[in-house]
Amino acid sequence: MIDRGVMSYLTDEIASQPERWSRAIEMARSAGSALPGPGERVAAIGCGSSLNVARCYAALREAAGQGETDAFPASEVPAARRYDRLLFISRTGTTTEVIDALRQAPRHTPATAITADPDAPLAREARHVVLLDFADERSVVSSRFITSSIVLLRAQLGTDVRSLPAAAERAVARPLPPELAERAEFTFLGRGWAAPVADEAALKLREASRTWAESYPAMEYRHGPISVSDENTVVWAFGEVPSDLLTDARRTGATVIASDADPLVALIGAQRLAAELAKRKGIDPDRPRALSRSVILAG
């Protein structure tokens, strides 16, 4: 059990995101050739939350017309597929599957690492490194490293993200709807690059608070998942989700949350909810059951 009066590292790190996003935007200006350029065929690779960053980036980069971009779990990178650039994302830079994928990649293919530790194997062995040490975390559950990575990549793609830190500041201060803490099930929905943001929201609730949470590309919700929604469910939409779909969700009795906020800003609400649910349950969100900051496999 944790002392309910003591702030967790996770809570503090969630609250620090506006300032870290500002630094990520500044860093994007100097990232230069370390990150993929227009026209390159790219594979973005990660595990867990970092995989969600990779999937966001792949969707955003293709939508921006900058080139074919795939995203893979580090353990599932196709051996025969060739790319102009590999982008590895890992907070610690020590995850076994990520390091293995880097070492098994073709030697002639430039590899870029986005990481928070300059001394970890990933940073030492990748050809290029984008170091987000200012976004590193003490909590096992990642928050600001993930969102700062996405902000950096969006800025590098040419998206105007200058308003995001101020919007994040408001999201950190905004009270959570009190009824959320009374619900037992959460379903997160998103379209395009917001779909992996929805996956990240669900993952935070599972990791930090052992809460039943699932996520889907929004239009898949009607294809089965809607059948488990009821008055105990929160259906939380990120980004642009059709209003008639949300109407269908309400008909089940579910509480529906939707706004016109940037999906990354909306994610802050889910992160804060995960920390709050952990607090209510007496769970330490910084040290979730059966998890560690990095998955390092023997052998």
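Placed above this text is the structure.
Residues numbered from 1 in each chain as written. Predicted model: local features only at pLDDT ≥ 70, side-chain atom pairs only at ≥ 80, totals over all residues. Heavy atoms only, no water.

As for the overall build of the chain
Stated precisely, the cut-off is as follows: Working definition: helices are DSSP H or I runs of at least four residues, strands are E runs of at least two. Numbering for both runs from the N terminus. Radius of gyration: C-alpha atoms only; globule rule: 2.2 Å multiplied by the number of residues to the exponent 0.38. Accessibility here uses a 1.4 Å probe with only protein chains present; expressed as a share of the type maximum, an area under 20% marks a residue as buried, one over 50% as exposed, and anything in between as partly exposed. Contact criterion: two residues are considered in contact whenever any of their non-hydrogen atoms come within 4.5 Å of each other. For the area figures, the Shrake-Rupley method with a 1.4 Å probe applies, and any residue is considered shielded solely by the protein chains shown. Positive: Lys, Arg. Negative: Asp, Glu. His and the chain ends are not part of the count. Charged groups are reduced to one reference atom each: NZ for lysine, CZ for arginine, CG for aspartic acid, CD for glutamic acid.
Of regular secondary structure, the chain possesses 10 helices and nine strands. The C-alpha atoms of the chain give a radius of gyration of 19 Å, which matches the 19 Å a tight globule of 299 residues would have. Taken along the three principal axes of its C-alpha coordinates, the chain extends 55 × 45 × 40 Å. Out of the 299 residues in the chain, the part that is buried amounts to 56%. Residue pairs in contact within the chain that sit at least 24 positions apart in sequence constitute 72% of those at least 6 positions apart. Surface summary for the chain: the accessible area is close to 13,100 Å², and the carbon and sulfur share equals 49%. Measuring between centres, the 36 positive side-chain charges of the chain sit 2 Å from its 39 negative side-chain charges.

With respect to helix α2 (residues 17–31)
Threshold: Expected span of a helix, by definition, is 1.5 Å for each gap between consecutive residues, and there is one gap fewer than residues.
Across its 15 residues, α2 extends 20 Å between first and last C-alpha, which sits within 8% of the 21 Å expected from 1.5 Å per residue. Of the residues one or two after α2, Gly 32 is the one with positive phi, at around 55°.

Examining the pattern of salt bridges
Where we set the bar: Any Lys or Arg side-chain nitrogen found within 4 Å of a carboxyl oxygen on Asp or Glu counts as a salt bridge.
Under the criterion given, the structure shown has 20 salt bridges. The closest approach of N and O atoms between Arg 103 and Glu 125, which form a salt bridge, is 2.6 Å. Placement of the pair is Arg 103 in helix α4 (residues 96–104) and Glu 125 in helix α5 (residues 121–125), with a sequence separation of 22 residues. By relative accessible area, Arg 103 is classed as partly exposed at 44%. With relative accessibility at 36%, the residue Glu 125 sits in the partly exposed group.

A word on the sheet that holds strand β2 (residues 69–73)
Just so we agree on the cut-off: At least two DSSP bridges between two strands are required for those strands to pair. As a rule, the C-alpha atoms of each element are fitted with a line to give its axis, helices using only the stretch in contact, and angles between N-to-C directions run from 0 to 180 degrees.
The strand order across the open sheet built from five strands is β2-β1-β3-β4-β5, with neighbouring strands paired in parallel fashion. Two strands bound the open sheet, and with one partner strand each, they are β2 and β5 (128–131). This sheet shows a mean twist of 20° between the axes of neighbouring strands, independent of strand direction. The strands touched by helix α6 (residues 144–156) within the sheet are β3 (85–89), β4 (111–115) and β5, with β4 carrying the most contacts at an inclination of about 135°.

Re the pairing of β3
Short version of the rule: Seen with its strands pointing away from the viewer, a crossover is right-handed when the path leading from the first strand over the helix to the second is clockwise.
Most of β3 is tucked away: five of the five residues are buried. Side-chain alternation along β3 places Arg 85, Leu 87 and Ile 89 on one buried face and Leu 86 and Phe 88 on a second face that is also buried. Sheet analysis places strand β1 (residues 42–46) next to β3, joined by four bridges and oriented parallel. Note on β3: the bridge partner recorded for Ala 44 is Leu 87. Here β3 pairs with β4 via four bridges, running parallel. Residue pairing in the sheet places Ile 89 in a bridge with Ile 114 of β4. Handedness of the β3-α4-β4 crossover: right-handed.

A few points about the sheet that holds strand β7 (residues 212–217)
Read across the sheet, four strands follow the order β7-β6-β8-β9 without closing on themselves; strand pairing throughout is parallel. For this open sheet the edge positions go to β7 and β9 (255–257), each flanked by a neighbour on one side alone. Direction aside, neighbouring strands of the sheet carry axes that sit 20° apart on average. In terms of strand pairing, strand β6 (residues 185–190) meets strand β8 (residues 233–238) through six bridges, oriented parallel. Across the sheet, residue Thr 187 finds its bridge partner in β8, namely Val 235. In this fold helix α8 (residues 194–209) packs onto β6, β7 and β8, with an angle of close to 175° to the strand it touches most, β7. Sheet strands in contact with helix α9 (residues 243–251) are β6, β8 and β9, and its direction is about 155° off that of β9.

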